[in-house]
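# Descriptive analysis of the structure
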Amino acid sequence: MSENYQSKTHVFYSPTKIIVGVNTASQVAQEVRQFGGHRVLIVTDPGVVAADLIAPVESSLKAGNVAYVIYDGVEPEPPSRVIDRGAEMFQAEGCDLVLGVGGGSSLDVAKGISLLATNKGKILDYCGVDRLPKNGAPMILMPTTAGTGSEVTRVLVLTDEEQNTKNVVFTPYALANAAIVDPLLTLSMPPSVTADTGMDAMVHAIETYVSMNATEFSDILAERAMELIADYLPTAWAKGSNTDARYHMSLAATLAGMAFGSGGLGAVHALAYPLGTEYHMTHGRTNAIMLPHVMRYNIPGSPERYARIAEFMGKDTEGYSLMEAAEMAVEAIRELLDTIEVSCQMQDYGIPEDDLPALVDGGMKQARLFVPNPRDLTREDVDSIYREAY
Ligand SMILES: [Fe+2]
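Residues numbered from 1 in each chain as written. Predicted model: local features only at pLDDT ≥ 70, side-chain atom pairs only at ≥ 80, totals over all residues. Heavy atoms only, no water.

## Notes on the side chain of N119
Secondary-structure assignment places N119 in helix α5 (residues 104-119). At 3.3 Å, the side chain of N119 forms a polar contact with the side chain of T118. With residues up to four places along the chain from it excluded, the contact list for N119 reads Y126, L132, P133, K134 and N135. (Helix = DSSP H or I, 4+ residues; strand = E, 2+ residues; numbered from the N terminus. Polar contact = N/O pair within 3.5 Å; in protein donor to acceptor, adjacent residues only side chain to side chain. Contact = heavy atoms within 4.5 Å.)

Right, here's the structure in full:
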C-alpha cells in the first residue's frame with residue numbers, strides 16, 4: 001500500500017555514517033580521526049559518568065591518542081543555557097569535534113554546541129526551521145538509551161526557561177557526521193527507563209506512519225521499528241542484560257529516528273510536551289501516557305494505517321471491519337503498556353485535575369505538530385483528549 005506517493009516529493013535526511021553493533025563504542029577514536037577531530041569535547045550528563053558508560057569511549061580515545069575534555073553539565077529537558085555554556089567551553093578548550101554520549105538530552109546539547117561553534121550567539125537565536133547560516137563543528141553521537149533517535153535526526157529540543165516552554169531548532173546541519181549505536185551502552189538502563197525510552201521510539205514510529213508527511217522512506221523504517229519494538233521491548237524491560245533484546249531495541253530506536261527525522265511527528269508529542277515541562281516527567285513517559293488516547297482520537301483520520309499498525313504489533317485483523325481492526329492497534333498498545341507496567345492515566349501520577357486547563361494551553365502552543373497529524377484538533381478536542389487521559 002502506498003497512498004498517492006507519486007504526487008509527492010520525497011525528502012530524506014540522514015547522518016553521513018551510521019554504525020550499529022555490539023562494542024562499536026570501541027571504534028570511536030577511528031571515527032574522530034576520520035572526521036578531522038584532534039581535541040574532542042565529550043558532552044554528557046553526570047548519570048552517564050556515574051554509570052561509567054564513557055569508560056569504553058575514554059579508553060578508545062586514549063588508545064588512539066586523541067585528546068578530550070568532558071562537559072558533563074547536561075540536564076534533563078535541557079534548558080538553553082546548558083547549550084550556551086557548553087559552547088563556551090568548546091571554544092575556551094580549543095576543541096574541534098563534539099562527541100555526544102548519553103540520552104536524547106546529551107545528544108541534543110551536543111548538536112547545539114556543534115552549531116554554536118561556527119554560528120556564534122546563543123542557541124535561542126536559532127529556534128525554528130533552517131535559521132542557521134553555517135554547518136557546525138564535526139559531530140559524533142552515541143546514544144546510551146534506545147528511544148529518542150536523536151543520533152540520526154536534524155532537530156534538537158530545548159527548554160526556554162523564560163517562556164516555560166519547549167522549543168526546537170531544525171537544520172540539516174544538526175545531522176551527525178557519524179552515529180555510533182552500541183547496544184552495550186544501554187545494558188544498565190533500569191526497567192522504567194527502558195520502558196519510557198522504548199515507548200518514545202514506538203511513538204516516533206506510529207506518529208510518523210500516520211503523519212500527512214509520511215514518505216516511502218519513512219514507511220519502511222517505521223514499519224520495521226514497530227515490529228521490533230513490539231517484539232523486543234518486553235524482554236529488554238524484563239531482562240536488561242539480554243543483549244539480543246537490547247540490540248534490537250537500539251536498532252529499532254535508530255530506525256524510528258530516521259523515520260520521524262524525515263516524516264515528522266504529531267499530536268502525541270504536542271500533548272506530551274506540557275506534561276514534561278509542568279511535572280518534570282520524562283519525555284518517553286509523557287508520550288506513553290498520551291499515545292493510546294491520541295491514537296483513538298486519530299483513527300477516523302487514517303483507519304487503514306491504524307489497522308496495519310495492529311498487524312505490525314502482532315494482531316490478527318482477519319475477519320474484522322476496518323474500524324475494528326484500527327481499534328486493535330490501540331488495544332495492542334494498551335497491552336504493551338500493561339506488560340511493561342506503564343500507566344496511561346494522568347491521575348496515577350498525582351497530577352491535579354485542576355491543572356487540565358493549563359495543560360490545554362500548553363498543548364495549543366505546540367500547534368505546529370497538529371499540521372501533520374491525521375486528524376485536525378481544536379482547543380475543545382485537546383481538552384477532551386486530556387480529560388480522557390486523566
Ligand atoms: Fe520523542
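Having seen the model, we can carry on.
## Topic: the coordination of the iron ion
Taken together, the protein donors to the iron ion comprise D200 (OD), H204 (NE2), H269 (NE2) and H283 (NE2), at separations of 2.1 to 2.3 Å. Note that the iron ion binds 4 donor atoms; their angles at the metal cover 84 to 166°, and the shape is irregular. Written as a sequence motif, the donor residues of the iron ion are D-x3-H-x64-H-x13-H. Placement of D200 in helix α6 (residues 191-210) and of H269 in helix α9 (residues 267-279) is noted, with a sequence separation of 69 residues between them. (Donors = N, O, S within 2.8 Å, 3.2 Å for Na, K, Ca; no water. Tetrahedral: all angles 85-135°; square planar, octahedral: opposite > 155°, others 65-115°.)

## Some words on the pairing of strand β2 (residues 39-43)
Within β2, 4 of the 5 residues are buried, leaving the element largely enclosed by the surrounding structure. Direction of pairing for β2 relative to strand β3 (residues 67-71): parallel, over a ladder of 5 bridges. Bridge pairing in β3 links V40 to Y68. Sheet analysis places β2 next to strand β4 (residues 97-102), joined by 4 bridges and oriented parallel. Considered in β4, the bridge of L41 is made with V98. (Buried < 20%, exposed > 50% of the residue type's maximum accessible area, 1.4 Å probe, protein only. Pairing = 2+ DSSP bridges.)

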